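Here is what each chain is made of, one letter per residue.
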Amino acid sequence: MDNQKVILITGCSSGFGFLTAVRLASQGHFVWATMRDLSRKQALEDELAKRKAQAFIRELDVTKPATIKNIVEEIQKKHFHIDVLVNNAGYGIAGFFEDLSAEEIRAQMETNFFGVQNACREVIPLMRRRGQGKIINISSIAGQVGSPCLGAYNASKWALEGFSESLNFELALFGISVSLVEPGSYPTRIFAENAHYAGNFDNTQSPYYKFSQKLNHVAQKYTRNINRDPEDVARLIEKIVNKSHPGLRYVSDFSSWMRVMVQKIIPPRLFGYIFRRFAYADK
Ligand SMILES: NC(=O)c1ccc[n+]([C@@H]2O[C@H](COP(=O)([O-])OP(=O)(O)OC[C@H]3O[C@@H](n4cnc5c(N)ncnc54)[C@H](OP(=O)(O)O)[C@@H]3O)[C@@H](O)[C@H]2O)c1
């Protein structure tokens, strides 16, 4: 294959990371598919084998800089450079602010925000010295619009958005692009096995108990019926990988873009009414 790229992806045990790794590896790129727990690698190995594709599967926890350093050194020894870094690893914690502990909020930031910075810190020098490279940060429409009960996740993705926008200007000086992929809701493990809840989410003494339970009920019903295909996000990442001049922001699909626009256009007071009317209403 012409134009084989060296691509490092975080969070490949499931969801977008898994699909992106399989997709790009199937096209002959040198994919370094990383995950924090290698005991989960079987599904990825099976899928790659099915497609007669290969990837380097390695352990990497974005909250542990030493694990990132190890992989980057190994890639450097083998390929001498990295073309693309896909910062995908992440999770979301549900909970009203007062139900969340400071530790829970910090942990959310450690993965979704500082985790991205940890990976960037190791990879940027390689790209900078070569005068080229692409960084693709998987954000969310939650990085543009807030929702009740998702404040910690919103904050982590808003921080990622601000950092990425700034970094894009900085790294343009060295031929490196930074892009944000902003998916709406997709049926991956983020809403199921990997869903996180505040320690006080189910505390009946919490003043938010009634609201969080109703909101959760509505969210569960909604996420069960999402009919978006996560492969579309992998396809979008592939498109950015192949673009010669990628843009800064990519909302994953039209309806997610509409969701962002509606909340930006409608006055917050009215949007608050919509939340109260539909999310907390008695079922
Ligand atoms: N699905 C959606 O609707 C949606 C919407 C907007 C944005 N996103 C974003 O898309 C990204 C991928 O999520 P997904 O939907 O594909 O969910 P997913 O299926 O739960 O995948 C998340 C991946 O991140 C990994 N991860 C979590 N913490 C990590 C850490 N400290 N170090 C390394 N890997 C870690 C998970 O590994 P383990 O298996 O070890 O937990 C898993 O491989 C996330 O950044 C998420 O915020 C998702």
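The present account deals with the structure reproduced in this document.

Quick notes on the rules
- Residues numbered from 1 in each chain as written.
- Predicted model: local features only at pLDDT ≥ 70, side-chain atom pairs only at ≥ 80, totals over all residues.
- Pairing = 2+ DSSP bridges.
- Helix = DSSP H or I, 4+ residues; strand = E, 2+ residues; numbered from the N terminus.
- Axes fitted to C-alpha atoms, helices over the stretch in contact; angles between N-to-C directions.
- Expected span 1.5 Å × (residues − 1).
- Buried ≥ 20, exposed ≤ 12 C-beta atoms within 10 Å, placed from the backbone.
- Near = placed C-beta within 6 Å.
- Nonpolar A, V, L, I, M, F, W, Y, C, P; charged D, E, K, R; others polar.
- Contact = placed C-beta atoms within 7 Å.
- Parallel < 35°, antiparallel > 145°, perpendicular 65-115°, else oblique.
- Left-handed = near helix turned anticlockwise from the far one by under 90°.
- Right-handed = clockwise from strand over helix to strand, strands pointing away.

A few words on the sheet that holds strand β9 (residues 249–251). Sheet architecture is open: 7 strands sit in the order β3-β2-β1-β4-β6-β7-β9, paired in parallel fashion. Every interior strand has two partners, whereas the edge strands, β3 (56–59) and β9, have only one. Strand-to-strand twist across the sheet, computed as the mean angle between neighbouring axes with direction ignored, equals 20 degrees. Alignment of strand β7 (residues 176–182) against β9, held across 3 bridges, turns out to be parallel. Following the sheet pairing, V181 is matched in β9 by Y250.

In this section: helix α8 (residues 254–265). Note on helix geometry: an α-helix contains 3.6 residues per turn, so any two residues three or four positions apart are oriented the same way. Over its 12 residues, α8 extends 16 Å from the first C-alpha to the last, a length consistent with the 16 Å expected when each residue adds 1.5 Å. Summarising burial for α8: 0 of the 12 residues are buried, a small minority.

For the rest of this paragraph, the subject is the site of the ligand. Near the ligand you find 30 residues, and of these G11, G15, A89, G90 and T188 are the closest. Listing elements by their share of the shell around the ligand, those giving two or more residues are α1 (15–26) and α4 (102–130). Here the shell around the ligand takes 3 residues from α1, the largest share from any one element. Its residues assigned to classes, the shell around the ligand comprises 9 nonpolar, 16 polar and 5 charged.

So, about helix α3 (residues 65–79). Its 15 residues give α3 an end-to-end C-alpha distance of 21 Å, which sits within 8% of 21 Å, the value for a rise of 1.5 Å per residue. Contacts from the buried residues of α3 go to β1 (6–9), β2 (30–35), β3 and α4. A positive backbone phi angle near 70 degrees is found at F80, which sits one or two residues after α3.

The subject of this paragraph is the packing of α1 against helix α7 (residues 231–242). Contact geometry for α1 and α7: axes closest at 9 Å, N-to-C directions at 50 degrees. The angle between α1 and α7 falls in the class oblique. With respect to the hand of their crossing, α1 and α7 are arranged in right-handed fashion. Mapping the contact onto sequence places F16, L19, T20, R23 and L24 in α1 and E231, V233, A234, I237, E238 and V241 in α7. Considering only residue class, the contact of α1 with α7 consists of 7 nonpolar, 1 polar and 3 charged.

For the rest of this paragraph, the subject is the environment of S177. By secondary structure assignment, the location of S177 is in strand β7. Note on S177: 22 C-beta atoms within 10 Å, which makes it buried. A sequence separation of 13 residues divides S177 from S164, and the C-alpha atoms of the two residues are 9.8 Å apart. In contact with S177, not counting residues within four places along its chain, are K134, N168 and P246.

What follows concerns the pairing of strand β6 (residues 133–138). If a strand is regular, its side chains alternate between the two faces of the sheet. Within β6, 6 of the 6 residues are buried, which leaves the element mostly enclosed by the surrounding structure. Side-chain alternation along β6 places G133, I135 and N137 on one buried face and K134, I136 and I138 on a second face that is also buried. Relative to β7, β6 runs parallel, the two being bridged by 6 bridges. Its bridge partner being in β7, K134 is matched across the sheet by S177. In this region the chain leaves β6, passes through helix α5 (residues 151–172) and returns to the parallel neighbour β7; the handedness of that crossover is right-handed.

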